[in-house]
Amino acid sequence: MAEETLPGTADDDGPDSIVLHVDMDCFYAACERLREPELEGKPVVVGMGYEPGEGHGAVATASYEAREFGVESAQPISTALERLPRIDDLGPDDDPAAAGHYRTVDLEFYKSVAADVKAILHDCADVVREVSIDEAYLDVTDRTAWDLAASGDRTLAEGFARYVKQRIAREVGVAASIGVAPNMSTAKIASDFDKPDGLVVVRPGEVRSFLAPIPVEEVHGVGPVTARKLGSLGIETAGDLADADAAVLEAEFGSRGRELHERARGYDDRTVTPTGRPKSLSRESAFTEPTDDSEDKREVVRALAADVADRARSRGAMYRTIGIKVVVPPFDINTRATSLSGPVDDPELVESVALDLLDAEFEATTVRKLGVRVSKLSFADADQSSLDGWESAGAGGADGDGDGDGRVSDEPEASAGDGDADEPPNTGGGTPSRGGQSSLVEFD
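This one's a predicted model, so the numbers in the text were calculated from it and none came from an experiment.

Give me the packing of aromatic side chains: which residues, what numbers.
Per the counting criterion, the structure on display carries four aromatic pairs. Centroid distance Phe193 to Phe210: 5.1 Å. Interplanar angle 55°. Geometry classified as tilted. Here Phe193, found in the loop between helix 6 (184-191) and strand 8 (199-201), pairs with Phe210, found in helix 7 (residues 207-211); they are 17 residues apart in sequence, far enough to count as distant. Its relative accessible area of 53% is what places Phe193 among the exposed residues. Aromatic rings pair up to connect Tyr28, Phe109 and Tyr110 into one cluster. Stacked on the ring of Tyr64, the Lys or Arg Arg67 has its end atom at 4.5 Å from the ring centre.

Requested: an account of the pairing of strand 1 (residues 19-24), with residues and values cited.
For strand 1, a buried count of six out of six residues is recorded, marking the element as mostly surrounded by other parts of the structure. Taking every second residue as pointing to the same face, both faces of strand 1 are buried, with Val19, His21 and Asp23 on one and Leu20, Val22 and Met24 on the other. Pairing of strand 1 with strand 7 (residues 176-181), which is carried by six bridges, proceeds in the antiparallel orientation. In the strand pairing of strand 7, Asp23 is matched with Ser177.

Hey, could you go over the packing of helix 12 (residues 294-314) against helix 13 (residues 347-362) for me, with residue numbers and the actual values?
Contact geometry of helix 12 with helix 13 gives a least axis separation of 9 Å together with a crossing angle of 145°. Regarding helix 12 and helix 13, the two cross each other, and that crossing is right-handed. On helix 13, the residues touching Lys297, Arg298, Val301, Arg302, Ala305, Ala309 and Arg313 of helix 12 are Pro347, Val350, Glu351, Ala354, Leu355, Leu358, Asp359 and Phe362. Considered class by class, the residues forming the contact of helix 12 with helix 13 number nine nonpolar, no polar and six charged.

Account for the packing of helix 10 (residues 246-253) against helix 11 (residues 255-264), naming residues and giving values.
Look at helix 10 against helix 11: their axes get within 6 Å of each other, and the N-to-C directions meet at 135°. On the basis of the axis angle, helix 10 is oblique to helix 11. Viewed along their axes, helix 10 and helix 11 form a crossing whose handedness is right-handed. Two secondary-structure elements touch here, helix 10 through Ala246, Ala247, Leu249, Glu250 and Phe253 and helix 11 through Ser255, Arg256, Gly257, Arg258 and His261.

Tell me what's going on with helix 1 (residues 27-35), and back it up with residues and numbers.
Counting buried positions along helix 1 yields seven of nine residues, so the element is predominantly enclosed. All of the buried residues in helix 1 are Phe27, Tyr28, Ala29, Ala30, Cys31, Glu32 and Arg33.

Which residues make up the nonpolar core, and what values do they have?
Counting 41 residues, the largest nonpolar core has Leu20, Phe27, Leu138, Val164, Ile168 and Val180 as its most contacted members. Secondary-structure elements contributing two or more residues to this core are strand 1, helix 1, strand 2 (44-47), helix 4 (107-124), strand 6 (135-139), helix 5 (156-171) and strand 7. Core analysis: the next-biggest nonpolar cluster, separate from the first, contains 33 residues, Ala303, Val326, Leu349 and Val374 among them.

Tell me about the sheet that holds strand 4 (residues 101-104), and please be specific about residues and values.
Strand order in this open sheet of three strands is 3-2-4, and the pairing throughout is mixed. Of all the strands in the sheet, the pair left with one neighbour each is strand 3 (59-62) and strand 4. Taking the axes of each pair of neighbouring strands and ignoring which way they run, one obtains an average angle of 25° across the sheet. Direction of pairing for strand 2 relative to strand 4: parallel, over a ladder of four bridges.

Thresholds applied
Residues numbered from 1 in each chain as written. Predicted model: local features only at pLDDT ≥ 70, side-chain atom pairs only at ≥ 80, totals over all residues. Heavy atoms only, no water. Phe/Tyr/Trp six-rings, centres within 6.5 Å; stacked < 30°, edge-to-face > 60°. Helix = DSSP H or I, 4+ residues; strand = E, 2+ residues; numbered from the N terminus. Buried < 20%, exposed > 50% of the residue type's maximum accessible area, 1.4 Å probe, protein only. Lys NZ or Arg CZ within 6 Å of the ring centre and 35° of its normal. Pairing = 2+ DSSP bridges. Axes fitted to C-alpha atoms, helices over the stretch in contact; angles between N-to-C directions. Left-handed = near helix turned anticlockwise from the far one by under 90°. Contact = heavy atoms within 4.5 Å. Nonpolar A, V, L, I, M, F, W, Y, C, P; charged D, E, K, R; others polar. Parallel < 35°, antiparallel > 145°, perpendicular 65-115°, else oblique. Core = buried A, V, L, I, M, F, W, Y, C linked by side-chain atoms within 4.5 Å.

Now the structure itself:
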């Protein structure tokens, strides 16, 4: 049976949108390999807290080779070192093939590499939405087309995406995975489909069949709590969600239920828009297994707090609210926050407040995920308020899909050819103009 027509496909009145989602592979580790090419093909772990005299920290990025030893992002450094000893600590009889290369996070260097990547992206697209240091959406509808290339074995859009990948690899020296699709949510899923160094194209008319087998939690907007509730309804895949009764979903989840139903069927009418100033900045990370170890939890919160504070400073942002997110098995989400008397830029305060919020209620609690957020952002030049003048903003918590309780919780804004030529392939679109990344996960 033929698929029904979806918005933006060839049978629709308007042109077919062409969206690229560009996601850099193990970006921090890739940057370290730029500095030290001899690390290519070897296990690389980037994090904080394993240096002499340091007793805490967490993994920021683990290369695919390191992941084979069980090292994962957001894992305590102590656990990573147990599974993959540091090569500098090996004895004469130890096997160097079972050891890893550990490097300290160097955000300034990573940002400089990311800037080179983003310059290419802005050169290849008229509209770019930068999501993080290593991730972006591109609207290339006016640069290429869904028509087949002369060879007949691929679309012009695929050739254009391959050109973008080749430029990043050749000019910057890092690998990117790219998803190509008629809309943002499908392009995002496609970029994750064949990592690392992948290129997956979902043509108009193929969106629903592509989405059908993926786990429901990969549908844009489905978090762990929603996935659990959908599972209780027998909905495990995007195909199940697409086939479900929209009225039942709306009764269970409100208007969001119908929206999720449409996303699973391939509907996503969002347009790629340039990134504006965020309302909050956050980072979260999950434990491999739920833990009640107090120091392990504190290690992760320290690392997250340092990263969030650094991201705020790099954007010239001050903040009036500092908060944490605690996910308790199975998927109960709790948030706590403290309000300050005025905007500040103080990484030590972010760590201190986040740890205080954690210890106050969750010191002995088994958790599966932690997050740190700064919000009520201010980008205008202003004097910082006194650091001893902050007051609590309430300590209530709620399930992520339930009702709030007056706590502070600002949300982020709504969220090529085969050759080596520097010009893009014949795209069939408009004439290109010449202008102009954990990884990091924001909790919503």
